[in-house]
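A structural walkthrough
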Number of protein chains: 2
Amino acid sequence: MKQYIKTDEWNIIEEGFHPEDQRLSESIFSIGNGHMGQRANFEEAYSGDSLQGSYMAGVYYTDKTKVGWWKNGYPEYFAKVLNATNWIGINIVIDGESLDLAKCQVKEFRRVLNMKEGFLHRTLIARLPGQKEIRIDAKRFVSMTVKEAGLIRYSITPLNFDGECIITPYLDGDVKNTDSNYDEKFWTEVHKENSAEGAVLTLKTKKLNFRLCSLMKYDLLQGGEKSQHTAELIEKEKYVGCNLRLTLKQSEETVLYKYVINVTSRDKTEDELIPYGKSRLEEVYQKGFDAMLREHSAAWSKKWNESDIAIEGDMSAQQAIRFNIFQLNQTYTGEDERLNIGPKGFTGEKYGGSTYWDTEAYCLPFYLSTADQKIPRNLLIYRYKHLEKAKENAAKLGFPKGALYPMVTMNGEECHNEWEITFEEIHRNGAIAYAVYNYVNYTGDRDYLKEYGLEVLIELSRFWEERVNFSKARNSYVILGVTGPNEYENNVNNNWYTNRIASWTLEYTLEVINRMKADSYPAYKSLEDKLSLKETELVKWMDIIKHMYYPVDEERDIFLQQDGYLDKEQCLVRDLDKQNLPLNQHWSWDRILRSCFIKQADVLQGLYFLQDKYDLDTIRRNFNFYEPRTVHESSLSPCIHAILAAKLKDKEKAYGMYLKTARLDLDNYNNDTEDGCHITSMAGTWMSVVEGFGGMRVVEEKLCFHPVIPDNWKSFSFRIKFRGNLIKATITKDAVIIKNENGQKITLSVNGTDYTIDSEKAIQI
Amino acid sequence: MKQYIKTDEWNIIEEGFHPEDQRLSESIFSIGNGHMGQRANFEEAYSGDSLQGSYMAGVYYTDKTKVGWWKNGYPEYFAKVLNATNWIGINIVIDGESLDLAKCQVKEFRRVLNMKEGFLHRTLIARLPGQKEIRIDAKRFVSMTVKEAGLIRYSITPLNFDGECIITPYLDGDVKNTDSNYDEKFWTEVHKENSAEGAVLTLKTKKLNFRLCSLMKYDLLQGGEKSQHTAELIEKEKYVGCNLRLTLKQSEETVLYKYVINVTSRDKTEDELIPYGKSRLEEVYQKGFDAMLREHSAAWSKKWNESDIAIEGDMSAQQAIRFNIFQLNQTYTGEDERLNIGPKGFTGEKYGGSTYWDTEAYCLPFYLSTADQKIPRNLLIYRYKHLEKAKENAAKLGFPKGALYPMVTMNGEECHNEWEITFEEIHRNGAIAYAVYNYVNYTGDRDYLKEYGLEVLIELSRFWEERVNFSKARNSYVILGVTGPNEYENNVNNNWYTNRIASWTLEYTLEVINRMKADSYPAYKSLEDKLSLKETELVKWMDIIKHMYYPVDEERDIFLQQDGYLDKEQCLVRDLDKQNLPLNQHWSWDRILRSCFIKQADVLQGLYFLQDKYDLDTIRRNFNFYEPRTVHESSLSPCIHAILAAKLKDKEKAYGMYLKTARLDLDNYNNDTEDGCHITSMAGTWMSVVEGFGGMRVVEEKLCFHPVIPDNWKSFSFRIKFRGNLIKATITKDAVIIKNENGQKITLSVNGTDYTIDSEKAIQI
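Owing to the predicted nature of the structure, the values given are computational and were not obtained by experimental measurement.

1. Observations concerning the overall build of chain A
Within chain A, the secondary structure is distributed over 20 helices and 33 strands. Rg of the C-alpha trace for chain A: 27 Å, near the compact-globule value of 27 Å for 765 residues, within the 12% margin. Its C-alpha atoms put chain A at 85 × 60 × 55 Å along the principal axes. Buried positions account for 66% of the 765 residues belonging to chain A. If you take every contact in chain A between residues at least 6 apart in sequence, the share linking residues at least 24 apart comes to 68%. Accessible surface, chain A: about 26,300 Å² in total, of which carbon and sulfur atoms supply 45%. In chain A, which carries 98 positive and 113 negative side-chain charges, the distance between the mean positions of the two groups comes to 1 Å.

2. Some points on the sheet that holds strand β5 (residues 54–64) of chain A
All names here are of chain A. Read across the open sheet, the four strands follow the order β3-β4-β5-β6; overall the sheet is antiparallel. Edge positions in the open sheet fall to β3 (31–32) and β6 (77–83), since each of these has one partner strand only. Note that β3 and strand β4 (residues 36–38) share two bridges and pair antiparallel. Note that in β4 the partner of Gly32 across the bridge is Gly37.

3. Notes on the side chain of Asp553 of chain A
Within the secondary structure layout, Asp553 of chain A lies in strand β24 (residues 552–553). Engagement of the side chain of Asp553 of chain A in a polar contact is seen with the side chain of Arg556 of chain A, the distance being 2.7 Å.

4. Description of unusual backbone geometry
Pro582 of chain A follows Leu581 of chain A through a cis peptide bond whose omega is -10°. Among the secondary structure elements, Pro582 of chain A is positioned in the loop between β25 (558–559) and α14 (583–586). The residue Glu108 of chain A is not glycine, and still its phi comes out positive at about 50°. Locating Glu108 of chain A in the fold gives a position in strand β9 (residues 105–114). We classify Glu108 of chain A as exposed; its relative accessible area is 57%. Backbone geometry at Asp557 of chain B places phi at a positive 55°, although glycine is not the residue there. Owing to a relative accessible area of 45%, Asp557 of chain B belongs among the partly exposed residues under this scheme.

5. Description of the UniProt feature "binding site: substrate" (unreviewed entry) in chain A
Residue and element names in this part refer to chain A. Mapped onto the present numbering, the UniProt feature "binding site: substrate" (unreviewed entry) falls on Trp357, Asp358, Lys599 and Gln600. With respect to the helices and strands, Trp357 occurs in the loop between α4 (315–331) and α5 (358–370). The residues touching Trp357, leaving out its near neighbours within four places in the chain, are Tyr362, Arg383, Met407, Glu425, His427, Arg428, Ala431, Pro485, Tyr497, Gln600 and Gln605. With respect to the helices, strands and loops of the structure, Gln600 is situated in the loop between α15 (589–594) and α16 (603–609). Judged by its relative accessible area of 3%, Gln600 is buried. When residues no more than four places from it in sequence are discounted, the contact partners of Gln600 are Trp357, Tyr362, Pro485, Asn486, Thr630, Ser634, Leu636 and Ser637.

Parameters at a glance
Residues numbered from 1 in each chain as written. Chains lettered and ligands numbered in written order. Predicted model: local features only at pLDDT ≥ 70, side-chain atom pairs only at ≥ 80, totals over all residues. Heavy atoms only, no water. Helix = DSSP H or I, 4+ residues; strand = E, 2+ residues; numbered from the N terminus. Rg over C-alpha atoms; globule rule 2.2 N^0.38 Å. Buried < 20%, exposed > 50% of the residue type's maximum accessible area, 1.4 Å probe, protein only. Contact = heavy atoms within 4.5 Å. Areas by Shrake-Rupley, 256 points an atom, 1.4 Å probe, with all protein chains shown as cover. Lys, Arg positive; Asp, Glu negative; His and termini not counted. Charge placed at Lys NZ, Arg CZ, Asp CG, Glu CD. Pairing = 2+ DSSP bridges. Polar contact = N/O pair within 3.5 Å; in protein donor to acceptor, adjacent residues only side chain to side chain. UniProt positions renumbered as here; feature names shortened; annotations may be inferred.

What follows is the structure, encoded as structure tokens:
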């Protein structure tokens, strides 16, 4: 755990230069706009420790997989998000001395991520080795209004000298991924243009032929006027730049405005890339940095208006929740249904930027409540579009029908190869079914089921039908050889969560079928024909539901995580010597596997999803058994525990878990934020507040709240969109205030009592 | 399955040229002498498909491991047997045409592995592209009397022309391993000398600094006389050779004798390598090819006298058993206690030539019965010498005391990294304990226990003490998270075999301790002090023995392979669609894992080891349950089943299993012999005959036989060494003849009746 970030309501602030934490800061201060993302690398040359990263959404590379022992069914490649052209670069040389903070004395360093307006701002004074001092003021953002646009205002002021300066804005595509096999570089040059006014660089990936066309223009001002400078073009393989030479005058500000457009072949044909890019660049250039920033800030203002959570009385919690919401909104805007939410977003390379079950299990609720309905709908359609590939995946594992979605994917194909995960962590199929339910339950959009949802549900149900087997010994259906959400168990039999979510999927599929048969028979019939669905299949599903085996501990009256869990030596995390934590960095894998310690919510994940089906006592007994055995070494763990603890009115536990999820990256809890922020778990932070402390659920088409407030909070408030209404909930120590800010009259429930609120009216309870 | 090898009593014969099976033949026709091994590559250039392989025992390389997902406790490297200097090479160019069988018309090709005398012989007629025809007659062997010596007699006879010929004997160290990461080459040149009479080439490995000094001399004869030729030296990086130019005359034989010495820094210091090599080379050269071959054949004759098994009435079975015995004797002579028996011996690179539990579980009995006692003793001392490393390995996995031997090793360190094997296949510790028992039981050498054996047993017992845990739920000790001998199950709980062999290890250790306390207290006391062994430990071991949990199926009255085995869908191999076999080439890993199919003996392995503790009915019930579920996809599987089937008097099953193990490589059953022969399972073939059909066991210090003979055999006979006696057993349809060929009077048991046989006398029963 590391605490060097200053607490502030709307800003993330680093004061003083921390070269030892540069990679960490580069992650935390990342900027993005759903189309691209940029780590908080310095514009100027930096020879210190750094992880350079510029990423374009949906541009990936199918790298060779590295594995010692191949198994049938493994994918041939691993999809990774590519480090793309470095478009932020601006080198500075003053009287022959290169500006490199690793070699300067750095004073008054301040880096601010302005979350309210969505930009990164860095100011500092650097004393060069030759004792010249300059002030740097660098501001940049990637635009929320023109998605291809990245803009930089880079200012230099000499403090103790006049001198010659070379300022070199450039585009450099000669980059690599740190985790590439054999240090391979993934880009080749296609085209470049260079002139004193700007440049174009088009690259393509060695596989899949993604093209990225980057274009830049710049303005150089001195004392507020266009500067006198000479320009010397520089071209290298995959590189274009321009040396701008001018004389700096003491105390006078010289400002470079760098305007960049990054357009990819995902959006434009090869022929269109350059003309489109040029016209976008001209548009942005003409508008100018300040006007573009105003538009951008206005767009952020709108986002905040929809998704902000305000906390009074706990600045640290306030900053953290906004950081989480900010990063989520930077990562996924939902405008492009081909995209999804990678675990690290655009803040690092790890996990390949791919799609995991995180999206359905943890991210969907945030977008359901804070974004236009089409955005969560697009997240679901993403999986619908991968249905054929999921069926191929199931076939590859020997199942003649049904669909098994991949554990990790970029384009619908599996791209992970640990057998215990790839082949066995099949509960992901359950989360995808649950997301369909969750979306329809929240939005009431039953048309989605007709067009897309039921088809997915049927193929998921078919998979479960094949994957269970009937055990004569137990006279029940069992599911053997799985890895549950708790990845600190591998290849177990009858993981309660997996058995339950499988059975629930069958139940929900049958429920949707029955209702669609009754309400929209033609739609159902056409699907039945398309999928050749047989009555015998439905009968089989009912039989599985009826005879599914669930492991339990009768003595404690709890669900058992899996067969044999009680054979383990039963210990509690609080009794562990702290120097063993995190276990995954200290224990060998077999020791972790045979210990009772749990990585993340497993039985409790099921009780969270299906909480309306279990009474509070059941949830409490299971929570009290499992939580003390849980080490929360997945970033996805604390949020589920925070929500359940709030439901059980255990405010202290809920608050502790909330802090763990909310400040995970800001305080570097797991000592791995340098690789990138934990984006998908940030949605869990939002859930901790809204579903946890707010107790928000949609039950039988109705919005319900069961609020609790942590002792050290004065109040908290959040807005949610719900079926055409915009609702603001404010919870104080003494009252719950619900305002219907927009939309029709609405009836909702607070602590079990129904209230009807007219449009633009509020109630206080 | 591939059958192109001609059946013959003493020879392996390939008739006709089979370039499509060249790699397979290269494996099968390999030669070796325990110090080095050589695949049956051609001496002359060959551009067809081939796996070039020359291996020096104990010379290995610590290559980087390739793995996708690292786990704590994995080794940093993988030890692999190195492909070493190609010392057999003799290039032939005739009137400018290179002899390359891939480009010639090949007639009368015949390759013979003469097992009786231990050499490889190849004859053929090649028509070169220019229509010149030559006869080749090439014979080679690696000497059993001078372990560093390899000798070749290579003869050329032009059949339809006179012509100019260049014959180029060479040593080429510019070789690589096919499975090297990044195609890295592992050798660098240290020294070379070259002259018209011969050459020296010294290389060293890039890591560990193993040196290999190869030296050659040659004689060229034409029509039986020293030839007239010119010599042109060739030197390249890691290469020395000499172009010998002469005129060939039609129908006249030209013969190159190539004498090679390969001496390594394992045996000699760096300074000694060359002088020692030169003196050995001179000695061999002076003696000449024919005299060396006579010595070598005599050595083989002695080996056959000790270890041959004769089978009358079944030539195919006869050939097969001799092939197995021949390859075993080529792989390990037992003279060097630093060596061991790799699964592929010197016939290929796969499995890294390292030591597995195969040695203790399958190979030891062969050497116990056919070799001098010091040889099996050396196999045990090999592990004793690795005890400290095994303790380090246990510590690495979190066990403060005790030893866990590695699954795969070259020098005592683990060098395999699949968690389910490396960390979980801990039953290997049981096989090492069992080998101590087996050796002492067979030889009566209790001094071994004092010097080495008990120390190993105590450290193994300490490991088991730590690795079990007490399950309150079962009120028993359990062993969680293991992989048993059946590697088609991973991370299971309470594998019966593992629990049983663990508990047996504790029992045997306590038995040895108690006897040593009584018989040799000072020896015991000194060990107790050395190991700080406490009485509380012994008490704990007794408690574990008493309360160990063993899974059983009460209904069928069998031992259960592991917890939950009966939850699997129960199917039999005979009902499987044959196109699914072998499963490991057709099914995804998860499907294999959750199926009931068994790779190799698991419960039955335990019943084989501990057969004196179980009655025949118990063995039969378990055999009848497990064998029909076993796919025998490990080469180590059929032998155990053959032995148990013979014990159960199921002659048909025993014979079927015998053929499967005996002709595994000759008939390429598993379609993988091209990678090398399955050396360790060859000892299992020997066991199938001697322990299976011969029913040989040592019970309470006495040699016992319970013979059965397959229906299509007229008779079979074998010799075994037992405590100073050489016993020959001959089993015919009607009689059992036991001859005491050497040693004192002996009392032994046949079918439960004791017989005393005087020296050099026989009995017939």
